[in-house]
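Inside the fold
Residues per chain, in single letters:
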2 protein chains.
Amino acid sequence: MNIVLLSGGSGKRLWPLSNDIRSKQFIKIFRKEDGSYESMVQRVYRQIKAVDADATVTIATSKTQVSAIHNQLGEEVGISVEPCRRDTFPAIALATAYLHDVQGVSSDEAVVVCPVDPYVEDDYFQALKSLGEQAAKGEANLVLMGIEPTYPSEKYGYIIPAAKSQTSRVETFKEKPDVKTAKKYIAQGALWNGGVFAYKLKYVLEKAHELIDFTDYADLFDKYETLTKISFDYAVVEKEPEIQVMRFAGEWKDLGTWNTLTEAMDEPTIGEAVLNDTCENVSVINELNVPVVCMGLTDVIVSASPEGILVSDREQSSYIKPIVDQITQQIMFAEKSWGSFRVIDVDEGSLTIKVTLNPGHSMNYHSHLRRDEIWNVTSGEGTVIVDGMEQPVRAGDVVTMQAGCRHTVSAVTELKLIEVQLGEEISVHDKQKFDLES
Amino acid sequence: MNIVLLSGGSGKRLWPLSNDIRSKQFIKIFRKEDGSYESMVQRVYRQIKAVDADATVTIATSKTQVSAIHNQLGEEVGISVEPCRRDTFPAIALATAYLHDVQGVSSDEAVVVCPVDPYVEDDYFQALKSLGEQAAKGEANLVLMGIEPTYPSEKYGYIIPAAKSQTSRVETFKEKPDVKTAKKYIAQGALWNGGVFAYKLKYVLEKAHELIDFTDYADLFDKYETLTKISFDYAVVEKEPEIQVMRFAGEWKDLGTWNTLTEAMDEPTIGEAVLNDTCENVSVINELNVPVVCMGLTDVIVSASPEGILVSDREQSSYIKPIVDQITQQIMFAEKSWGSFRVIDVDEGSLTIKVTLNPGHSMNYHSHLRRDEIWNVTSGEGTVIVDGMEQPVRAGDVVTMQAGCRHTVSAVTELKLIEVQLGEEISVHDKQKFDLES
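Below, the structure is looked at part by part. (Residues numbered from 1 in each chain as written. Chains lettered and ligands numbered in written order. Predicted model: local features only at pLDDT ≥ 70, side-chain atom pairs only at ≥ 80, totals over all residues. Heavy atoms only, no water.)

**Digging into the environment of A:Leu417**
- Along the polypeptide, A:Leu417 turns up in strand S29 (residues 415-422).
- A:Leu417 gets classed as buried once you look at its relative accessible area, which sits at 0%. (Helix = DSSP H or I, 4+ residues; strand = E, 2+ residues; numbered from the N terminus. Buried < 20%, exposed > 50% of the residue type's maximum accessible area, 1.4 Å probe, protein only.)

**Let's talk about helix H2 (residues 66-73) of chain A**
Residue and element names in this part refer to chain A.
- Burial analysis of H2 places six of its eight residues in the buried class, which makes it a mostly covered element.
- Looking at the buried residues of H2, the elements they touch are strand S2 (28-31), strand S3 (37-39), helix H1 (40-51), strand S4 (56-62), strand S5 (78-82) and strand S20 (333-336).
- Looking at the residues trailing H2, positive phi occurs at Gly 74, about 90°. (Contact = heavy atoms within 4.5 Å.)

**A few points about the interface of chain A and chain B**
- The interface of chain A with chain B comprises 53 residues on the first partner and 53 residues on the second.
- Roughly 4100 Å² of surface becomes buried between chain A and chain B when both sides are summed, with 66% attributable to carbon and sulfur atoms.
- Joining chain A to chain B, the criterion identifies six salt bridges.
- Summed over the shared surface of chain A and chain B, the number is 21 residue pairs in polar contact (both at pLDDT 80 or more).
- The element best represented in the side of chain A that touches chain B is strand S19 (residues 308-313) of chain A, accounting for six residues.
- Here the side of chain A that touches chain B is built from residues that sort into 30 nonpolar, 16 polar and seven charged.
- One ladder, built from four bridges, connects S19(A) with strand S17 (residues 292-295) of chain B; its direction is parallel. Within S17(B), the position partnered with A:Val311 by the bridge is B:Cys294. (Buried area = accessible area lost by both parts, 1.4 Å probe. Salt bridge = Lys/Arg side-chain N within 4 Å of Asp/Glu carboxyl O. Polar contact = N/O pair within 3.5 Å; in protein donor to acceptor, adjacent residues only side chain to side chain. Nonpolar A, V, L, I, M, F, W, Y, C, P; charged D, E, K, R; others polar. Pairing = 2+ DSSP bridges.)

**Here's the deal with the pattern of salt bridges**
- In total, this model carries 34 salt bridges over all chains according to the counting rule given.
- A salt bridge links A:Arg371 to A:Glu373, with the shortest nitrogen-to-oxygen separation between them at 2.8 Å. In terms of burial, A:Arg371 and A:Glu373 fall into one category: buried.
- It is possible to trace a salt-bridge network through shared partners that takes in A:Asp345, A:Asp347, B:Lys354 and B:Lys416.

**Let's talk about the packing of aromatic side chains**
Residue and element names in this part refer to chain A.
- Tallying each qualifying case throughout the model produces 28 aromatic pairs over all chains.
- Seen from their ring centres, Phe 89 and Phe 232 are 6.4 Å apart, and the 25° between their planes marks the pair as stacked. Linking Phe 89 in helix H3 (residues 88-102) with Phe 232 in helix H8 (residues 232-235), this pair joins segments that are 143 residues apart in sequence. Neither Phe 89 nor Phe 232 differs from the other in exposure class; each is buried.
- Among the aromatic residues, those joined into a cluster by ring pairs are Phe 89, Phe 197, Tyr 199 and Phe 232.
- One cation-aromatic arrangement involves Lys 239 over Tyr 234; the distance from NZ or CZ to the ring centre is 4.7 Å. (Phe/Tyr/Trp six-rings, centres within 6.5 Å; stacked < 30°, edge-to-face > 60°. Lys NZ or Arg CZ within 6 Å of the ring centre and 35° of its normal.)

**Quick look at the packing of H1(A) against helix H4 (residues 122-137) of chain A**
Residue and element names in this part refer to chain A.
- For the pair H1 and H4, the least separation of the axes is 9 Å and the interaxial angle reads 60°. Compared by their axis directions, H1 and H4 come out oblique. Of the two elements, H1 crosses H4, and the hand of that crossing is right-handed. Here Val 44, Gln 47, Ile 48, Ala 50 and Val 51 of H1 lie close against H4, whose contacting residues are Asp 122, Phe 125, Gln 126 and Lys 129.
- Here the contact of H1 with H4 is built from residues that sort into five nonpolar, two polar and two charged. (Axes fitted to C-alpha atoms, helices over the stretch in contact; angles between N-to-C directions. Parallel < 35°, antiparallel > 145°, perpendicular 65-115°, else oblique. Left-handed = near helix turned anticlockwise from the far one by under 90°.)

**Thoughts on helix H6 (residues 201-211) of chain A**
- The set of residues buried in H6(A) consists of A:Leu201, A:Tyr203, A:Val204, A:Leu205, A:Lys207 and A:Ala208.
- Against the buried residues of H6(A) lie H3, strand S6 (110-115), strand S8 (142-147), strand S11 (191-200) and H8 of chain A.

**Overview of the relation of the copies chain A and chain B**
- You can overlay chain A on chain B at an RMSD of 0.1 Å; the transform is a turn of 179° with a shift of 0.0 Å along its axis. Given the turn and translation reported, the copies of this chain are related as if by a two-fold rotation axis. For chain A, the residue whose C-alpha comes nearest the rotation axis is A:Ile344, separated from it by 2.9 Å.
- A symmetric contact is evident, with 100% of the interface residues of chain A recurring at the interface of chain B. (Least-squares fit on C-alpha atoms with pLDDT ≥ 70 in both.)

This is the structure we're talking about:
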């Protein structure tokens, strides 16, 4: 199975866990059998591999997510990097060209496109496989997944199938309706549009060439910024007469809001939390290393992260975006390809961060124009290079770097540093990267 | 006026702002005219000085509070340090002996004893002055303040005066009643016992000598640990027939719970907080440097500090103590006589703190057996001494100290450090102090 996972943009709907650089799919909130936690993207990737160990998984995403994807899924996963956001048609066209020109997938093979964040069981991925197999038969140009509705939702588009069979021609599509209309659709046998579709690679490649003037993947990548924003639904699906839909009756949830996310949690709290016995229907997700105490609350969600603290009534939590848009908060935590960092102190003229490098990983070789830095190694072993001079470091070592000095650090074992930055205009943009002469 | 302020013990009733080492009276939550915030102890001290600039103020407290008191009130204030907690009779006896033997207050002068944390206006301190003047007349051995009740509270003891005059003999005392009984007392003209009393110094000194075998202040201090815990009410007041009460009809609040504390705040939020328009009667006190967002909450108190996060229904907040007693949280913030520190990172084998030294102040000269330390100076100017070697430091300087090495730092201007501690058994108890040879 060739599967393309659409990894959506950053968002604040799950603030303070998601923010401008940390998308909800990277938040580790699902408990695994071993007691540790995994993110949506890790869960979906694991489930795909469980259903089809040979599946070729490609994640279509912006470059801001590349570090987090490698950090969470390793280096093996394919990534079709969008140089900027241009909606789903350009993204799917680029990913399809990537599969063909970079991964060598043949034009006749089926591709399944799926959002990165459905909360589902393994049967869903079995259904994706069937979807791909159906597309490979060539009975239609597109095969969609139709999810059997469990309630008259206003949140989803509806697909009206021509028949009640497992696979059927699509009669028509309906935009997100109101509840009354949704009830009518469901009475007519409508299915939710789960945003999943399968096609033969050449079909989308031809559509792409029809609508965009490009030669190959590299050319499309280069001119990506010039493309018009347009959705795959609008550019392709709505104009295509030959579409089939396959029913899926298994569990399917879209965890886009705090309310739906916390409902999917196996337990009411993650992280340090104490709830007294007068709390009812309270969920706590606490990423800080200090406790959250809740008393006498009903239907409340509490989430604490290095970015901030949310305390919200369950229903109200879906209105978070405009509230959080008012806040201008510097990024306090980020996952990088080499590990992660967390801001631990902000002051006038200084910024202190905790850096964790994964074993075998290195930062870029870089310098800063307007700040000095001090590395305090607190655990692990590694190597630093400062202005071309290499030296081993371990817990207790201190490395000082003046502004302008080129530096990098690589981890032999997991390496942790307290990095003290000193300067009047500390900014993440003050960074020059260099190639390391080896 | 000689005034003794009883500065009560640590407590968790205002967790996470109060904890084992930070008492509620040191939390800065009252907005001053210049927009900055002051604590209960600062507010009370400022009010006393406004009413009587020559007042001799002595704070009776345990040694754990001495640093915070000097930090908040400066070096001028008198402190009667209790070597350990032995309830109010030994504490008042010790403070009285301190006034007599150390401060040279004469036996015939009046002393007024008052809790450190009433939330009152200046008229209250005028009343304290009158209380002292009344005690000096010698009409009775004790003069108490009787607060005119505003509602039938179950939280206070009641005083039944013999007459309705401003000053009257006390007929009898009543323990904390239920609401019904409280109503009956109030109908009889009862007053709340505000825990304030005035006496001639020699009266309490004689009582102390009757009940405790000691020679002078130094002797009493030395044997303080051997004394029996007993309250002043039980040891003295209940046995004394010659007691007067003076009425006080001004504003008086006891800010002992989150509910009463937040009611006394001038605004609903302190610190970074955003409340959406569906919040009603929500108070936020946020000491962290990231925002708290509240949505759709009613009658809720949110407090965030380096120690943890409380989210509580207003009514429920008074039941916090047993909940917080379950938590074993290391101290994350402390005020010291030289400034303050805050824990900013805790990891296996390392602890990182942010240290702020006030201008002209120094740490003790000390060493640690089981940890190395690194100072990263982030702002200000000062001097460090490491194993007897003195050198100036400023922002950007790094000082490394191996376990066993003696060290101190003093601030010329306000000095800030990031201190990285490295070792397997990092503990606040691993500290040896030394005299500095000058």
